[in-house]
Each structure stands twice: as C-alpha cells, then as structure tokens.
Amino acid sequence: MKKILLIILPLFLSGFLFSQKKGLVRKPKPTPKFNYHEEFKKISDEIFLHGAAYDNLGELTKGIGSRFSATPGYAKATEWAEKKLKDAGAENIWKQEVKVPIWIRGKESLQIKTSNGDWKSIKMLSFGNSEGTKGKDLIADILLVNDVKELVNLRTADVKDKIIFVNYPIDPTIISTVDSYMIAAKSKLISASVIGQKGAKALIIRSLTTASDDIPHAKQVYYEPEDKTRIPAMTIGVRSADELEKLLKKSSVKAKINMSAESKGETINHNIIGEIPGKKDSKVIVLGAQLDSWDFAEGAHDDGTGVVQCMEVLRTFKALGYDNNHTIRVVLYANSENGGMGREIYAAQVKKKEEKHIFALGTDSGGYSPRGFSLDMSPQRRKLIFEWKNYFLPYGVYDFDQTYAIQDVAPLKKLDIPLAEMVVDTQRYFDYHHSEKDTFDKVNKRELLLGAVAMTQLVFMIDKNW
C-alpha cells in the first residue's frame, strides 16, 4: 500500500501543481489583424511614389488662383474640387449651401505726412469686411498706441477724431508661432470696435507676421452689433509700421485714407463634400480644410495644402484597396477667411441629421513638415492615440501633447466629437500667411506629401481601432 501511495502521490501532486500553474498563465493577446509598421510603410510608399497632392495644388493655385467668398474664383474652385474628389475615389459627392457675405475691396490707399513734409504712400490692405470711406479722403492726425493698458487709460478726448495706429508685434520669444499669433490676434488693441467706441476715425495696425519685409498681411474685422459707427480698419507691413512709429516719436503725423471697400449683402456659396462609405457602418471620420482664400492671394499654404492633403487621404485608401470600416468624408469649407459660415453650417447639419461622427481632423497650418497631432478629446481617447506613437516616430511625427483644435472642425466640439488638428513646423508659416506671398512656389513637395502620409496613417488607425 505504501508503495502504491509513494507512486501515486507524486503523480497526483505534480498534476495538481501543474493545473494550478496553468490557471495562472495569462492567455496570449490576440494577434493584431494588421502589422501596423508595414501598413504605415505601404501608405508612405504609395503617397511618395504616386501622390497627386502637389500637382493638384499647382492646379488650384496657378490654374484658379484667388478664391475669395462670393467671387467667380470661388465658384471655379468648387467645380475643380468636385472633379478632384471624384478622381480621388469619392463615391458620394455633394454641395452644401452656405450664405456668405459679399464684400468688395475696391480701390484703397494710405498716405502719411509730417507737419512740414509731403504725402508719402504706404502699401496697405483693408481688413476683410471692413467699412470703407465711400471713396472719399479721410484725413486726421495719427495717435500711436502700443499696449492695452495705454489704450484703456486714454480718455475719449484723446482718441476722438484720431486715426489710431497700433504697432503691436507678435512676440518673437514664443517658440510656437501659432501661439504668438493667437495672442496678438485676440488683443483688444486691434479691435476696430474697441477703438471706434472711443471715438476714433480709423484703425491702422502692424501686420501680424514673423516676416521683416514690408508686405501687408490681411485680417478680418469684427464689428459689435452696438457699434454706431463702423470705422475703417487696415494693416501695413512691419517696416512701414516701425518707420511710422519713429516719425510719431519726433513729430505729429497725419494720414490720408481712401477706401472704396463695401458690403453688398449675401449670396450662396457651397461647402464641397466627398466620401467613401463605410463597409461596416455609417459612422463618419471627417477631414476638413478651407477651400477659400483671400481675394489677392493664391492661398497655397492657407489652405490649398490642406485641401489637397485631405483629397490624398481618400486617394490613398482607394489605391491601396483598404476596406474602410467607417465612412471617410472630406469637407472643403466655404467662407473661412471672412466669416466662417461654412464650418458653422456643416456642424449644424450634422446635429440636425443626427449623424454619428467618431473623429474629425482639421488641417490649416500650411504644408510644412508634420510634427504631430493636437488632440482635443477626452483623456481616454487621447490615451488610445498615445499608444500608437511608436508607429509614427519613423516619420518624424512625435508631438501628441497639445490639446487644441482651432481649425474649421472646431464647431463640431459642441457635439462632443473628438477633434484633432495636424501640427506642423510653423516657423515660416506666418511669413506668408494672409499675404500676396502665399504662393505655390513656397510649398515644398516632400513636406506636403509627408503631411498627407501622417494624416492618412492617423485616419487608418482610427478606422481600424475605433
């Protein structure tokens, strides 16, 4: 009996212990359906070898040129966009009506002179949607204001009937040029309403640019509903701004402004939308860029590059034969430069139709080298994207820490849709932004395509994992 026990007991114990250990062994994680490093390489190879974005940008900027709201140029751009979305593989393409302002710049001029000098012309640009002088000369003394504190302390008597000149540069010590631009752009110093309510006749500002030349950079004016008088507003180049400040520190200076700018009601433009329907469901991943540009500019970086990169995402999905789970939609927005009505209309329609959007990606910072994606979404969603970071690193895409999305997808935030914005190297962007220098030759083909690669890779990951 003892022999039997001595034989059986070790066998029993070994079986028991083995079963205990077996219960502690974790099940292996399921093998991923995709080798993501390989898929990322496929996307990159396809775009660098066969990408259409650069040629498309040439057609948009050189073939059509400026495409300001309510102009024939914008109408041509919508026809072009419909064709290019079809070429890219969009299966459903449609227009969305948007009411846009009709604003005509017309002729404009600015001259200055000291008490004992002659009139000297300065290159300028009216703010978008600005009131004009009805083609008559507006002559008044110039008053220099450098900061908000100084403006607040000015009495109405100091400001009344003056032309206010604000020489307020964007802060060069802030490394993110987007941050420095936004700080300056939101300042009360450059608000025509704030200046006008103090009794001023007009507003002149230093262009919001990182350039050191004398090219004016446009800006949009915002008037408050309670403004009794909407004063003309304009921008001048940084060299002229610095020279004007030096003159004002030595003597009094008058300005002569003549602007025929005027608003003529509203008309209909269109958002252009194209999509590849989802094979699994109708949930939407949307990519957005603005189709319009300023009336004097090709709008290459702002935002022709975004337009063609969004199209490239669709083309690449089709070329690689990906069966997208969710609908991948491109929205090219109308009226971003002088109103923003296109983005508001799209968001309103999403809400009205109760369309399920799971992700929205905007791009409007130029066609420069991609550095990452700013993620405006819940911490849980951000964490999911953080886990993919190593797949992006070989492409120089590493910055996933920012949390804003200020481009045309921004109105979708109120619908609790996760937002993202492509982060690029913007050190040169505000040299050209909103100026006549924003032309096709300023865009580097490889940087442009690399941005399209990063966008496509992110959309691929969202589609396969969310």
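What you see is a predicted model, and the numbers here were worked out from it, not measured in a lab. (Residues numbered from 1 in each chain as written. Predicted model: local features only at pLDDT ≥ 70, side-chain atom pairs only at ≥ 80, totals over all residues. Heavy atoms only, no water.)

Here we take up the confidence of the model for the protein chain. Considering every residue of the protein chain, the mean pLDDT works out to 92; 93% of them sit at 70 or more. A low-confidence stretch, residues 1-24 (pLDDT under 50), is modelled with 1 contact involving residues beyond four sequence positions or located in other chains. (pLDDT = per-residue confidence, 0-100. Contact = heavy atoms within 4.5 Å.)

We now examine the packing of helix α3 (residues 53-64) against helix α15 (residues 445-465). Relative orientation of the contacting elements α3 and α15 amounts to 115°, with a least axis distance of 9 Å. For the element pair α3 / α15, the angle class is roughly perpendicular. Judged by residue contacts, Ala53, Tyr54 and Leu57 of α3 engage Lys445, Leu448 and Leu449 from α15. (Axes fitted to C-alpha atoms, helices over the stretch in contact; angles between N-to-C directions. Helix = DSSP H or I, 4+ residues; strand = E, 2+ residues; numbered from the N terminus. Parallel < 35°, antiparallel > 145°, perpendicular 65-115°, else oblique.)

The next point concerns the sheet that holds strand β14 (residues 370-376). If you walk across this open sheet you meet the 7 strands as β1-β10-β12-β11-β13-β15-β14, and the pairing is mixed. Looking at the sheet topology across the chains shown, the edges are occupied by β1 (92-104) and β14. Mean inter-strand twist for the sheet, computed between neighbouring axes without regard to direction, equals 20°. Its contacts with the sheet put helix α4 (residues 72-88) on β1, β10 (262-276) and β12 (327-333), and the angle it makes with β10 is roughly 5°. The sheet strands contacting α15 are β11 (284-290), β12, β13 (357-362), β14 and β15 (419-424), and the helix crosses β14 at an angle near 40°. (Pairing = 2+ DSSP bridges.)

Right, let's talk about the sheet that holds strand β5 (residues 138-145) for a bit. If you trace the 8 strands from one edge of the open sheet to the other, you get β3-β2-β9-β5-β6-β7-β8-β4, paired in mixed fashion. Looking at the sheet topology across the chains shown, the edges are occupied by β3 (120-122) and β4 (124-126). Across the sheet, the axes of successive neighbouring strands diverge by a mean angle of 30°, strand direction being ignored. One ladder, built from 4 bridges, connects β5 with strand β6 (residues 163-166); its direction is parallel. From the neighbouring strand, Val145 faces β6, where its bridge partner is Val166.

What follows deals with the pattern of salt bridges. Side chains bearing opposite charge may pair, as long as their charged atoms lie close to each other. By the definition in use, this model includes 29 salt bridges. For the salt bridge of Lys464 with Asp463, the shortest nitrogen-to-oxygen distance reads 3.4 Å. You'll find Lys464 and Asp463 in the same group, each marked buried. In this structure, a network of salt bridges that share partners links the residues Glu46, Glu312 and Arg315. (Salt bridge = Lys/Arg side-chain N within 4 Å of Asp/Glu carboxyl O. Buried < 20%, exposed > 50% of the residue type's maximum accessible area, 1.4 Å probe, protein only.)

Within the secondary structure, Gln197 sits in helix α8 (residues 192-197). With 156 residues separating them in the primary sequence, Gln197 and Lys41 have C-alpha atoms 58 Å apart. There is a polar contact of 2.9 Å between the side chain of Gln197 and the side chain of Asp227. (Polar contact = N/O pair within 3.5 Å; in protein donor to acceptor, adjacent residues only side chain to side chain.)

Listed as buried for helix α7 (residues 177-185) are Thr177, Val178, Ser180, Tyr181, Ala184 and Ala185. Looking down the long axis of α7, one finds its buried residues gathered within 165° of arc, a one-sided arrangement. Its buried side turned inward, α7 meets α14 (429-432). (Arc of directions from axis to C-beta.)

A surface patch of like charges, here positive, comprises Lys280, Lys283, Lys356 and Arg381. Structurally, Lys356 can be placed in the loop between α11 (341-353) and β13. (Patch = residues over 30% accessible without salt bridge, like charges linked within 9 Å, V, L, I, M, F, W, Y side chains within 5 Å. Areas by Shrake-Rupley, 256 points an atom, 1.4 Å probe, with all protein chains shown as cover. Lys, Arg positive; Asp, Glu negative; His and termini not counted. Charge placed at Lys NZ, Arg CZ, Asp CG, Glu CD.)

Here we take up the packing of helix α10 (residues 300-319) against α15. Across the interface, α10 lies against α15 with an axial gap of 9 Å and an inter-helix angle of 50°. In terms of orientation, α10 lies oblique with respect to α15. Remark: the crossing between α10 and α15 carries right-handed chirality. Of the residues in α15, those touching α10 at Thr305, Val308, Gln309, Cys310, Glu312, Val313, Thr316 and Phe317 are Leu448, Gly451, Ala452, Met455, Thr456, Val459, Phe460 and Asp463. Here the contact of α10 with α15 is composed, by residue class, of 9 nonpolar, 5 polar and 2 charged. (Left-handed = near helix turned anticlockwise from the far one by under 90°. Nonpolar A, V, L, I, M, F, W, Y, C, P; charged D, E, K, R; others polar.)

Moving on, we come to the packing of aromatic side chains. If you walk through the whole model with that rule in mind, you get 21 aromatic pairs. Ring centres 5.4 Å apart and planes at 65° place the aromatic pair Tyr36 and Tyr391 in the edge-to-face group. Taken together, the residues Tyr36 in helix α2 (residues 36-50) and Tyr391 in helix α13 (residues 389-392) connect sequence positions 355 residues apart. Within the aromatic cluster, the residues linked to one another by ring pairs are Phe34, Tyr36, Phe40, Phe317, Tyr322, Phe373, Tyr391, Phe392, Tyr395, Phe400 and Phe460. Sitting over the ring of Trp466, Arg381 keeps its end group 4.2 Å from the ring centre. We note Lys442 situated over the ring of Tyr432; from NZ or CZ to the ring centre the distance is 5.5 Å. (Phe/Tyr/Trp six-rings, centres within 6.5 Å; stacked < 30°, edge-to-face > 60°. Lys NZ or Arg CZ within 6 Å of the ring centre and 35° of its normal.)

Okay, the pairing of strand β7 (residues 202-206) next. Counting buried positions along β7 gives 5 out of 5 residues, so the element sits mostly inside the fold. As paired elements, β6 and β7 share 4 bridges and run parallel to each other. Its bridge partner being in β7, Val166 is matched across the sheet by Ile205. Pairing of β7 with strand β8 (residues 233-236), which is carried by 4 bridges, proceeds in the parallel orientation. If you follow Ile204 over to β8, its bridge partner there is Met234.

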